[in-house]
Amino acid sequence: MKLGIRIWILIAFILFSIIAINPKFNVEGVEVTSVSGLLLNQGIKIGDNILEVNSVKVNSAAEFRNEIDKAEFKDNITSNNITSKLDIVTKNNRYTFLVNDEINIEVKVPDNNNIKKGLELEGGTRVLLKPVGNATVTSADIQDLISVLRNRLNIYGLTDLKIREASSGEDKLVLIEIAGVSRNDIEGFISQQGKFEAKIGDEVAFRGGKEEIPYVCRDDGVCSGVHSCNPGVEGYNCRFQFEIRLSPEAAQRQADITRNLSVITSEGGQQILSKQIEFYLDDELVDSLNIDASLKGSPSTQIQITGPGSGVTQKEALDTAIFNMEQLQTVLITGSLPFDIEIVKLDSISPLFGISFIKNTFLVVFAALLSVLAIIYLRYRQLKILLPMAITLISEILIILGMAALIGWHLDLAAIAGIIAAVGTGVDDQIVITDEIIRGQKEKFLSWKERIKKAFGIILVAYFATLAAMLPLWSAAAGLLRGFALTTILGISIGVLVTRPAFASMLEKLMEGE
Amino acid sequence: MIKEFFEKNYKVLMVFPFLLLITSLVFLGYEYSTTGDIVERDVSLKGGISATVYTEKEFEVIKLESDLTKELNSDVFVKELSDFSTSTRLGYVIEIGEIGVKDKLKEVLESRLKLELTSENYSVEEVGSSLGEGFYKDMLKAVIFAFVLMGIVVFIAFRSFIPSAAVILSALLDISATLMIVNLLEIKISTAGIAAFLLVIGYSVDTDILMTNRVLKRKEGGDTTERLIDSAKTGLTMTATTFVALTVGYIVTTSFVLKQMFLIILIALTIDIISTYLMNAGILYWYKKQK
């Protein structure tokens, strides 16, 4: 029996989809989703497949974290010469090194196919930002904002992220989605406008951003770190310090300001200038320092930035100091946001539900398919109809998934709803085709071609009606339901162009003899 | 038999759907004038916090709800999350129509549930109230826009006023009556729930387009009533498959988002049987008779 061009096209699409989905059956270990600091310096990159930590096989994020926690230097500041050994085996390499600092790394279980999972399925953080006030913000402003934010998040070690312009009504928004990472401290990093100023008296010596500060020391124990922690009135106070370099222009400006200051003697007997240098972040004083008399009028490019961190316990004070330092370093590197923003939506989603949800979705789809086929059998009582129907439905799901994998779409809850909707419409159309063909058989005067043409007359109008209904969803509600619109449109389009013609052709072949 | 019955009673049969249309529109109008809204919105469209705790531990939902309401001084709703297939408890969903109590909520939950909440076992989604309001307006606009676009497609396809208007009227009945029922069932609608209404538009016109096509655009296939009955056979099979699939989906799925979407479409499909075969069929029959 010759298959005919329509069925061959379907087969080609199915094969193509399987290649696009690329199922793998031998995944092991964990995959690095974000890494910074020591481990990055050692050469561990995002995407690396870690198999073992200190000779223990790790196959989940929890197992990995457990091993890292054991090895991680967790002691307090007074004993910071204690180090521990870390031995990490990846698929292609082995890294053995000593740790004496916090370990910044996030991992996930590697995907066993190319279908990308959305936030609800993989867990992660979603943030929606809005410019504050009624200031008119153009798309170009939003693009500036996006580039600063992307920079900040990259510095923070998050590179696997989606960030795009979105809208709700008249409001322009920015949507950030970070898959696989669920961290609450991200809030501060993002929403801080980050206007940094170093003032001497009322005059600004230098500002944050690449222009005036071309280099900021970070992730380097020598020129950046927390250098002292002392008990205070309430709890502990720590102090951080890191080095920056000024541009020649900024250094000159600072020299011009200090030139006019007088030299005084401090309480400790040090020769200092009459005014302090004060660091402001978003107009709030972070810290102030005495300026050594030797710097008077000197265009020094090397500057130490300092700041505090306090807490009830020493650990808490240390963590706060580290957090403050990282935040300050980040805004010094990336400069300030073009305008003030506020967080209007913040979701942090656990990966736990995603895993059980995926299993559940398979069950939903399978149960729905079976029940649909049961109804079809009850109505037609012919395997000749049931079989092509089943093949078509399953291939439709497969092709939608293949297409989604191909364009790198992250499948979320809405997208899954869309697939179910598209398959539902698919069943409807196949029933139309089947009935037209059966009717045509009774009325002998119609040829196959005419019967199918009639069926497609109905299907096409219904197709355009559904297409029209889905289009407005593309940008509505910050595009959070875009996945729903996309998979529905993808599904019904594949149906009209590929699977339904093939279904008609299959029915034709099977019923030809009658 | 159906043929004679329909031809004799098609006008009487049309009374019910028209009454339903008027009732639902009046109901929605009344709702709008008293509450300022045609549906009750959940936190995704009104602003607030939706948190999920994943635990197999058992808690009394009503007690948890009243405890949280007292401690947070704000209305709290708690739903249990369970897996149908294994009939195990997955956790609890907590909704509060207020923002800014995120940290407090976590604290209270930890002490009530005696559970440390981490990023592994705790999800929290927060929507600012102005954003929720914005999303709501966006979604309403999307539904209206979709409805108009669908109407244009139908008019282009059939190019005659009454049959096209009948298809659109039938979709309107589906939406308004479904909205009324959703309202009566006191379902709090989410962003995805409104998206389900877009699908309702799509599913609703399917059967109407099929029927109109068979009646208007064919030369073969018997008289008008026979064609109507014939298309009802196909159309009802379509509705039956979708209905069964969605019912199964509604029972099996663990996601409240999907559950709500399925439920809305299920209600609409039921209404669609009335709107298509009592109203649209009657209009088409009457239209053909006049010609």
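Residues numbered from 1 in each chain as written. Chains lettered and ligands numbered in written order. Predicted model: local features only at pLDDT ≥ 70, side-chain atom pairs only at ≥ 80, totals over all residues.

1. Some words on the nonpolar core
A general trend in soluble globular proteins is that nonpolar side chains are found buried together. Judged by nonpolar contacts, the single largest core of 178 residues is most densely connected at A:Ala465, B:Leu198 and B:Ile265. Looking at this core element by element, the count peaks at 18 residues for helix H9 (residues 256-290) of chain B. A:Ile213, A:Val216, A:Ala321 and A:Leu328 belong to the second-largest nonpolar core, a separate cluster that totals 34 residues. (Core = buried A, V, L, I, M, F, W, Y, C linked by C-beta atoms within 7 Å. Buried ≥ 20, exposed ≤ 12 C-beta atoms within 10 Å, placed from the backbone. Helix = DSSP H or I, 4+ residues; strand = E, 2+ residues; numbered from the N terminus.)

2. Section: the domain arrangement of chain B
Residue and element names in this part refer to chain B. Examined at the domain level, chain B breaks down into domain 1 (2-42 + 130-290) and domain 2 (48-127). Counting from both sides, the interface comprises 7 residues of domain 1 and, opposite them, 9 residues of domain 2. Residue assignment for the side of domain 1 that touches domain 2 shows that the elements contributing at least two residues are helix H5 (129-158) and helix H8 (224-252). The residue makeup of the side of domain 1 that touches domain 2, split by class, is 4 nonpolar, 2 polar and 1 charged. (Domains from an automatic or database assignment. Contact = placed C-beta atoms within 7 Å. Nonpolar A, V, L, I, M, F, W, Y, C, P; charged D, E, K, R; others polar.)

3. Considering the confidence of the model for chain A
All names here are of chain A. The predicted model of chain A has a mean per-residue pLDDT of 84, with 94% of residues at 70 or higher. Confidence, read as mean pLDDT per element, is least for helix H6 (residues 186-191) in chain A (72) and greatest for helix H1 (residues 5-21) (94). Taken together, the stretch residues 76-81 has pLDDT below 50 and engages in 8 contacts with residues farther than four places along the chain or on a different chain. (pLDDT = per-residue confidence, 0-100.)

4. Some remarks on the sheet that holds strand S2 (residues 48-54) of chain B
Reading across from one edge, S9(A)-S10(A)-S8(A)-S21(A)-S5(B)-S2(B)-S4(B)-S3(B) is the order of the 8 strands in this open sheet, with antiparallel pairing throughout. The outermost strands of the open sheet, each flanked by one partner alone, are strand S9 (161-168) of chain A together with strand S3 (76-83) of chain B. Adjacent strand axes in the sheet meet at a mean angle of 20° when their direction is disregarded. In this structure, strand S8 (residues 124-131) of chain A lies alongside strand S10 (residues 171-179) of chain A, joined through 6 bridges in antiparallel fashion. Pairing of A:Gly124 across the sheet is with A:Ala179, part of S10(A). (Pairing = 2+ DSSP bridges. Axes fitted to C-alpha atoms, helices over the stretch in contact; angles between N-to-C directions.)

5. Points about unusual backbone geometry
Phi at A:Asp282 takes a positive value of approximately 50°, unusual for a residue other than glycine. Tracing the sequence through the fold places A:Asp282 in the loop between strand S18 (277-281) and strand S19 (284-289). Overall, A:Asp282 belongs to the partly exposed group, with 14 C-beta atoms counted inside 10 Å. Notably, B:Lys114 is not glycine yet its phi reads approximately 50°, a positive angle.

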